[in-house]
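Chain and residue survey
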Amino acid sequence: MPVDRPDALPAARRPHRLAGGRPGLLAPGATTDPYRLRLYRLLRTDYPLGYDPDLGAWLLSRYVDVALALTDPRFTGYPHDGAPRGRAPVPLGLCRGSLVCGPLTVPWSTAAPAVERTAYVLARRIAGRDRADLVADFCRWLPAGAAAAAAGLSYPDLSTLPRAARRRRSGGGADDCAGPTALREHALASFLANMLDDPDLLAAVRAVATADPPVGGPAGGQGSGTLLGRAWAETLRRDPPVQIVLRRTRTEVAVSGGTLPADAPVACLIGAAGRDPARFAAPDRFDPLRADADPLLIGPAGCPAALLGRLEAEHGLHALLTAMPGIRWAEGFRPAAGGLLTRGPRALLVRPS
């Protein structure tokens, strides 16, 4: 398949060029959609290694190089050596990379019912409307309930849970991962957008979930948990909430595009690596059943934020389908994501029935 060349693009969508012709990561339009701008593709194919002075870091865009930076002990966290290195947790997926990241302060038997209850309360509020925005009315509130559950509140009262409390930061541990909810909002919105975009998949999930609803635990139900779990993982690959992860080299490191110098800041372009055709077949397609799924881009399996995120996705979608069996996009609406460092749909306008 021929590679799209920059001179073949319309002028308005041609990436801004730095010295030497390399596209700049902070180019105009990149924060709107680096995928349609073909920025990630151009970096992977023509400029797999280069220094971006605007960002102040070396760019890695190919999956093989990003995987190396995330797992090799020659890389450490940014900006200091005390940050995670090697296979220790890195700020990837929904994980904030806390060195003291540990189990939730409450068991799943407490957290899961609180998440489920919050999801059903929110879904029932939306069900009677002619039109609703799932980002504003659902995705921003469900992680709040989960964060409250992680803090030990079995039945959080959403009416008394202000926005500031949902973004609180604690002194470390599980709450440091599970407390801030912005990334989980983005991830949940992307997950719902992908599911609503595929009526056949949504129908299959609805049928399985009706017979086997999610249960209290990070794995969900035997049937729906398996399918929804794969759909959740596929969302984090195709539409990661964190697009860029910063690392630093501890020594010189050879990568596919050349050699990184020692003690150099490195920007791992997760959004580019997750759609690298050298690693994933039909990388732009949302396919929960793909045979080449990779857990690396999801983040640490035991991170409380990652576990809560999946729990929110499974219970959230089940609650929406139960309260609104005919939920669908509002007439003429198409979801559009925004952001470069972090990314997610700006709105999800639906017809509840």
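Since the model is a prediction, treat every value here as computed from it, not as a measurement. In every chain, residue numbers begin from 1 and rise along the written sequence. The model is predicted, so local features are restricted to residues of pLDDT at least 70 and side-chain atom pairs to those at 80 or more, both for listing and for counting; the totals for chains, interfaces and linings are taken over all residues. Where side-chain values are given, they derive from all heavy atoms of the structure, hydrogens and water being excluded.

**A few points about the overall build of the protein chain**
Stated formally: Counting from the N terminus, the helices are DSSP H or I runs at least four residues long and the strands are E runs at least two residues long. Only protein chains enter the accessibility calculation, which uses a 1.4 Å probe. A residue is then buried if its area is under 20% of the maximum for its type, exposed if over 50%, and partly exposed in between. Residue contacts are defined here by distance: any two heavy atoms, one from each residue, within 4.5 Å place the two residues in contact. All accessible-area figures derive from a Shrake-Rupley calculation using a 1.4 Å probe, and residue coverage is judged against the displayed protein chains alone.
The helix and strand tally for the protein chain stands at 12 helices and 12 strands. Burial analysis of the protein chain (353 residues in total) assigns 54% to the buried set. Long-range pairs, those at least 24 residues apart, make up 68% of the contacts in the protein chain with a sequence separation of at least 6. Accessible surface computed for the protein chain: about 14700 Å², of which carbon and sulfur atoms make up 55%.

**A few points about the nonpolar core**
For clarity, the cut-off: We call a set of buried residues a nonpolar core when its members are Ala, Val, Leu, Ile, Met, Phe, Trp, Tyr or Cys and they connect through side-chain atoms within 4.5 Å of each other.
Ranked by size, the top nonpolar core spans 51 residues in total, and within it Leu 134, Phe 138, Phe 191, Leu 192, Met 195, Leu 317 and Leu 348 carry the most contacts. Among the elements of the structure, helix H3 (108-127), helix H4 (134-139), helix H5 (142-150), helix H8 (182-196), helix H9 (199-211), helix H10 (224-238), helix H12 (304-323) and strand S12 (349-351) are those that each provide at least two residues to this core. No other element matches the 9 residues that H12 contributes to this core. Setting aside residues no more than four positions away along its own chain, Phe 191 makes contact with Leu 228, Ala 231, Trp 232, Thr 235, Ala 313 and Leu 317. Val 253, Leu 260, Val 266 and Ala 273 belong to the second largest nonpolar core, which has 19 residues in total.

**Details of the side chain of Arg 248**
Residue placement: Arg 248 occurs in strand S5 (residues 244-249). Owing to a relative accessible area of 16%, Arg 248 belongs among the buried residues under this scheme.

**So, the side chain of Asn 194**
Counted only if it meets this: In protein, a polar contact requires one atom able to donate a hydrogen and another able to accept it; more generally it is a pair of N or O atoms within 3.5 Å, and residues adjacent in sequence count only if both atoms are side-chain atoms.
Tracing the backbone through its elements, the reader meets Asn 194 in helix H8. A distance of 3.1 Å separates the side chain of Asn 194 from the side chain of Asp 239, its partner in a polar contact. Dropping the residues within four chain positions of it, Asn 194 is found in contact with Thr 235, Arg 238, Asp 239 and Phe 286.

**Quick word on the packing of aromatic side chains**
Given two aromatic rings, their pairing is described by the distance between the two centres and the angle made by the two planes. The cut-off we apply is this: Pairing of aromatic rings covers Phe, Tyr and Trp, the last through its six-membered ring, and needs centres within 6.5 Å; plane angles under 30 degrees mean stacked, over 60 mean edge-to-face, and all others mean tilted.
One pass over the structure, following the stated rule, counts 5 aromatic pairs. For the pair Tyr 35 and Tyr 40, a centre-to-centre distance of 5.2 Å together with 85° between the ring planes defines the contact as edge-to-face. Across the pair, exposure class does not vary: Tyr 35 and Tyr 40 are buried alike. Aromatic pair Phe 191 and Trp 232: ring centres 5.9 Å apart, planes at 70°, arrangement edge-to-face. On the criterion of sequence distance, the pair formed by Phe 191 in helix H8 and Trp 232 in helix H10 is long-range, its members being 41 residues apart.

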